[in-house]
Amino acid sequence: MEGLKSSFLNTTPLNCQSSKPRYPRQLNSSSTISCSVSPDPWSLSDGNKPKPKSKHPKNPLSDDNARRIIKAKARYLSALRRNQGSQALTPRWIKRSPEQMIQYLEDDRNGHLYGRHVVAAIQRVRSLSGLPDGSYDMRQVMASFVTKLTFREMCTVLKEQRNWRQARDFFAWMKLQLCYRPSVIVYTLLLRTYGQTGKLKLAEETFLEMLEAGCEPDEVACGTMLCAYAKWGRHKSMFSFYSALQQRGIILSVAVYNFMLSSLQKKSFHQNVIDIWRQMVVSGVTPNHFTYTVVITSLVKNSLTDEAFKTFMEMKSMGFVPEEATYSHLITIACQKGVQDEALSLYQDMREQKIVPSTFTCASLLSLYYRSGNYSKAVSLFSEMERYKVVADEVIYGLLIRIYGKLGLYEDAITTFEEIGKLGLLSDDKTYITMAQVHLTTGNCEKALDVMEKLRSSVGSLSRFAYIVLLQCYVMKEDLKAAEVTFQDLSETGYPDCRSCTGMLTLYMKLGLIEKAKDLIIRIRENKVKFDKVLLKMAMKVYCKENMSTDAEQMMQELSKNGLLEEEDNFVQTVLTGIRGDFTGFKVSDSDPLAFELLLTLYMAPETSYKMEKTLNVLLNTANGLLVASQLLINFIKEGSTSQAESLFNLLLKLGCKLEISTLSSMIYSYGKQNQMELAKQAFAAVADASSEQKHLYSCMIDLFVKSEKVDEAYLFYVEEDNKGHDVGAVAISILVNALSNCGKHRDAENVIKNCLHKNIELDTVAYNSFIKAMLDAGRLRFAANIYERMLTNGVAPSIQTFNTMITVHGRRRDLDKAIEMFNTARIKGVTLDEKAYTNLIVYYGKAGKIDEASSLFNQMQEEGIKPGQVSYNIMMNAYATRGFYKEAAQLFDEMQRNGSSPDSFTYLALVRAYTAADKYTHAEEAISLMKKQGMVSPTCAHYNVLLSALAKTGQLGEVERVYNLLIESGLTPDVACYQTLLRFYLDHGHVEKGVSLFESIATDGGVKSDRFIMSAAVHLYRAAGLAIKAQDVLTCMNSLGIPFLKIRLAG
């Protein structure tokens, strides 16, 4: 730009008019009229090549005459075609339509776009590009073309050059020709070539030469110069030149403006883009699609949101369809502002235009959904991305991991993280950190540490944020040494943030390292860290823990003085006011409950009790003061601070507070855990009469006795309160009856039940269920049925538990019809039947031998959508086993495994029973072998004993002893039942010697000596063997142990 020093850049524009006055020409009839407007084929904005010169030029016509003659000729030819019909002759000059003619020119058919000599000249000049500069003389090269090229044709040759040296040399030769005349067009062509090749100094010299030649630059030449500056980033020169053009009133084309705007935007000069855009609008230049796209982007980048949206609406009103990038920028800025409706509206508009969103757009929307908690839409958007084949990048996968973490879909989050690694997209430390944070959310600090170690191995040194998350992992793991090392590493990047300091304080408090916690607080204060609300609470808790009220007061005053507190916060204001001890003018409505909790804790020491009472009085005057105090009391109990809880409890009672029932219950339970039942009774006595919910307190006391395994005291407490005429409530009664029944105190349970029924105490469904269950366990089946009838009489609705218990009651009474009636009644009343209801009835169908009904009910249960569990399969297989339906049992066994239920020991036992009942002993033995093979369930003596009993009935001595030996070889020790089976077999079939040998081999077993059948069988075997003395010894032993003798019938 320094070389471009001329009057062109002056503030005063040049006078374009000639000094001589112009007079209008006198036209006569013989004058040749030339067209006043001719197309400019040299415009930069026109990409069409010029039309070739006609071989038979016609006389030029004026605009009016041309239009008149052409229209008249068209009307004439139209009438001629109508009159001549299909045989009409079309003149040659209109055989091609305008569209066909354009295509003909674009195709460059037969090389006739330019004359042959022009094409030869272009090729001759271009051939010089391979020669070094100065090695040729353009005069000699172009000697054969002298006088053959017109000025226009020389311009064509110049325009077709791509190398700036050939363009420069050809232009120098061109100026030597006779037909040459200085023109803005030829200079513009040369400027364009220099601009495209970056020879801006030559371009400036050429521009000056043009001015010196007397050629006034037009908008095309000036636009070409501006484009050259813009292309090569010479923005300072561009602005100087542009300013000169504005002063001279030259209006540029939209293409030049687009070139300038695009160049500035590439260098992030967004404010300059906006300034030129506004000048462009003032100048009246109509923007096009590209202009709007560039300008909207710069407006967004410059945070001019309103103007960006306004320009966007203007663009749409002009009929332009915005590009995806434009939508993306606007959606992103709407997401950043949190304007969800605006962002979704833009996205919907984009989808209506059938524009596929980019990865960046999807990432912005996912981020918006994540921040607003609209996770379902986020997952839906990700599915839509897959449908439109939008490739997700690491950012999107990272957001998806965060969303899965928020939704609790931890397995999906882990799967996504692994998928990122497989795709090779895992490069950003933020993704690792996000996955670690998801693991921390689930409480899995080990997996979080694994992820952080992978990050360390992949990137080497960790970022500050990575150290912060790593510290959180060690704090959760309670790894003190690693946490302190990480805290030190974090300190090297700048003093740790409030959250990290809070984490370390929390760890020290958990581990009971109070001194370290206090030292850390001192270091935090020395480094003048600005306390946030959470850190301040933690620091106050440390001081409260040690009753360090003086230190707490000093800290608060120091932080307030140094401006390290957010004093406009209600929590901070409340703490400061409480520490100062002056609540005068304090607005109770602005108080913070947690601050009062900390102040009360801080002043819990005896020497500051007066401050505690004063603070508590202020707290109780607030809206939820009593609730806050009660919560503090509960917190003391949870933390095990019994003395503090007791002090606060007594102070609240002293101030006449009516405590919540939950608070009273917590206090009573607290005394119970410490086995201080007398204090619990005193607390109960102090508030029971004043409480509006006495029944709940009764249930607390009885539950406390039960949990302390003092069921007798619970029963006595109930009797005492009942004698006083107090209704302890259905909940307390239910707890007491269940406890008495579980302890085997069925008579006491029955007394409680009868007393409640006699006094017509109002009971609920749970209480009646407890009564029925207790009497079922006691064997009082008729009484259990009467309780159910009483329940219906009193209008209490039975639950599914009620019907399940009653099916069992009638089943044990062997009243199958009543059990079926209970089942059908539950169905009629609309009670949703569960698996237990079906299996209960199936059990009693099986015991009654009604296998078809049991099987039908089992299938009906599955049809109702109830998936049978292991217990249901076992019960049904037992039902088949009772009748020897081994095929059905085997089929059910296979179905059970297909449905994902693993067979247990009882399953195999039922299968073995089914085989033996059908005399399929080989299959039964194979079932036992299958247990060994699968290894999930090991065979027991019960499985072998079923097979032994079945074989014993057949009298096959060899098979019985073979199976018995298999039991021994499997490593099992035969139980009493196996010995009984074998001895019974020996007695029934007269194998006396084998029976005596077996007894003598097992006689040392204590369990055998106490068994009546084995000892009686031994007496009979000894007598049969003629060993009367040994028989008498066994009989004497039985008498000494109090075992009655059993007479057994021997074989033969």
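An unreviewed UniProt entry lists the protein under the name PROP1-like PPR domain-containing protein, with Tagetes erecta given as the organism. What the UniProt record of the protein gives under Sequence similarities (unreviewed entry) is the line "Belongs to the PPR family. P subfamily."

A. Focus on the overall build of the protein. Each helix and strand in the protein was counted, giving 56 helices and zero strands. Sequence-distant contacts, at least 24 apart, represent 62% of the contacts inside the protein between residues at least 6 apart. Accessible surface for the protein amounts to roughly 55000 Å². Of this, 49% is attributable to carbon and sulfur atoms.

B. A look at helix α39 (residues 746-758). Helix length check: α39 (13 residues) gives 18 Å between terminal C-alpha atoms against 18 Å at 1.5 Å per residue, within 8%. A749, E750, V752, I753, N755, C756 and L757 are the residues of α39 that are buried. Directly after α39, the chain includes N760, whose backbone phi takes a positive value near 55°.

C. Region of interest: the nonpolar core. With 159 residues, the main nonpolar core has M142, F170, M174 and M555 as its most contacted residues. Once residues lying within four places of it in the same chain are set aside, the contact partners of M555 are I521, R525, F531, L536, A539, M540 and Y543. Counting residues in hydrophobic clusters, the runner-up holds 128 residues, among them Y698, V711, A927 and I1014.

D. Seen up close, the packing of helix α37 (residues 711-723) against α39. At a closest axis distance of 12 Å, the pairing of α37 and α39 adopts a crossing angle of 25°. Classified by the interaxial angle, the pair formed by α37 and α39 is roughly parallel. Relative to α39, α37 is oriented so that their crossing is left-handed. The residues of α39 that touch α37, namely those facing Y715, Y718 and D722, are D748, N751, V752, N755 and C756. Here the residues of the contact of α37 with α39 sort into four nonpolar, two polar and two charged.

E. Up close: unusual backbone geometry. Look at S268: it is not a glycine, yet its phi comes out positive at around 65°. Along the chain, S268 falls in the loop between α11 (254-266) and α12 (270-283). Positive phi values are uncommon outside glycine, yet E478 reaches one of about 60°. Mapping E478 onto the fold places it in the loop between α23 (464-477) and α24 (480-491). Judged by relative accessible area, which is 39%, E478 ranks as partly exposed.

F. Representation of the packing of helix α43 (residues 816-828) against helix α44 (residues 835-847) in the model. Across the interface, α43 lies against α44 with an axial gap of 10 Å and an inter-helix angle of 160°. Between α43 and α44, the angle is such that the two are roughly antiparallel. Handedness of the crossing formed by α43 with α44: left-handed. Contact with α43, carried on its side by L816, A819, I820, F823 and R827, involves A837, Y838, L841, Y844 and Y845 of α44 and no other residues of that element. In terms of residue class, the contact of α43 with α44 is built from nine nonpolar, no polar and one charged.

G. Region of interest: the pattern of salt bridges. Per the counting criterion, the structure on display carries 25 salt bridges. One salt bridge in this structure joins K175 and E209, with 2.8 Å as the shortest N-O distance. With a gap of 34 residues between them, K175 in the loop between α6 (164-174) and α7 (184-197) and E209 in helix α8 (residues 200-212) connect regions that are remote in the sequence. Between K1030 and E1000 there is a salt bridge; the shortest N-O distance is 3.3 Å. Here K1030 is found in helix α56 (residues 1028-1041), whereas its partner E1000 is found in helix α53 (residues 992-1002), with 30 residues between them in sequence. With a relative accessible area of 39%, E1000 lands in the partly exposed category. Each of D133, R165, R168 and D169 takes part in one network of salt bridges that share partners.

H. Region of interest: the environment of S364. Mapped onto the secondary structure, S364 falls in helix α17 (residues 359-372). Ignoring any residue separated from it by four or fewer positions in sequence, one finds S364 in contact with T332 and C335.

I. A look at the side chain of D722. Tracing the backbone through its elements, the reader meets D722 in helix α37. Given the relative accessible area of 12%, D722 is considered buried. One polar contact links D722 to K759, side chain to side chain, over a distance of 2.9 Å. The contact partners of D722, leaving out residues within four places of it in the chain, are N755 and K759.

J. Region of the structure containing the packing of aromatic side chains. Applying the stated criterion across every chain, the model contains 20 aromatic pairs. Ring centres of F171 and Y187 lie 5.4 Å apart, and the angle between their planes is 65°; this geometry places the pair in the edge-to-face category. A residue pair is termed long-range when its members are at least 10 positions apart, and F171 in helix α6 and Y187 in helix α7 qualify at 16 residues. Judged on exposure class, the residue F171 and its partner Y187 are both buried. A network of ring pairs unites the aromatic residues F151, F171, Y180 and Y187 as a single cluster. Positioned above the aromatic ring of F783, the side-chain terminus of K754 is 5.8 Å from the ring centre.

K. Local environment of the environment of R1012. For R1012, the location among the structural elements is in helix α55 (residues 1012-1024). Take R1012: its relative accessible area is 37%, and that puts it in the partly exposed class. Sequence separation between R1012 and M1038 is 26 residues, and the spatial gap between their C-alpha atoms is 8.1 Å. With sequence-adjacent residues up to four places away left out, R1012 is seen in contact with M1038, I1043, P1044, F1045 and L1046. At 3.2 Å, the side chain of R1012 and the backbone oxygen of P1044 are in polar contact.

L. Highlighting the side chain of S901. Position of S901 relative to the elements: it lies in the loop between α47 (886-898) and α48 (905-917). With a relative accessible area of 12%, S901 lands in the buried category. With residues near it in sequence (within four places) discarded, S901 still touches P868, G869, Q870, Y873 and M896.

Conventions we followed
Residues numbered from 1 in each chain as written. Predicted model: local features only at pLDDT ≥ 70, side-chain atom pairs only at ≥ 80, totals over all residues. Heavy atoms only, no water. UniProt positions renumbered as here; feature names shortened; annotations may be inferred. Helix = DSSP H or I, 4+ residues; strand = E, 2+ residues; numbered from the N terminus. Contact = heavy atoms within 4.5 Å. Areas by Shrake-Rupley, 256 points an atom, 1.4 Å probe, with all protein chains shown as cover. Expected span 1.5 Å × (residues − 1). Buried < 20%, exposed > 50% of the residue type's maximum accessible area, 1.4 Å probe, protein only. Core = buried A, V, L, I, M, F, W, Y, C linked by side-chain atoms within 4.5 Å. Axes fitted to C-alpha atoms, helices over the stretch in contact; angles between N-to-C directions. Parallel < 35°, antiparallel > 145°, perpendicular 65-115°, else oblique. Left-handed = near helix turned anticlockwise from the far one by under 90°. Nonpolar A, V, L, I, M, F, W, Y, C, P; charged D, E, K, R; others polar. Salt bridge = Lys/Arg side-chain N within 4 Å of Asp/Glu carboxyl O. Polar contact = N/O pair within 3.5 Å; in protein donor to acceptor, adjacent residues only side chain to side chain. Phe/Tyr/Trp six-rings, centres within 6.5 Å; stacked < 30°, edge-to-face > 60°. Lys NZ or Arg CZ within 6 Å of the ring centre and 35° of its normal.

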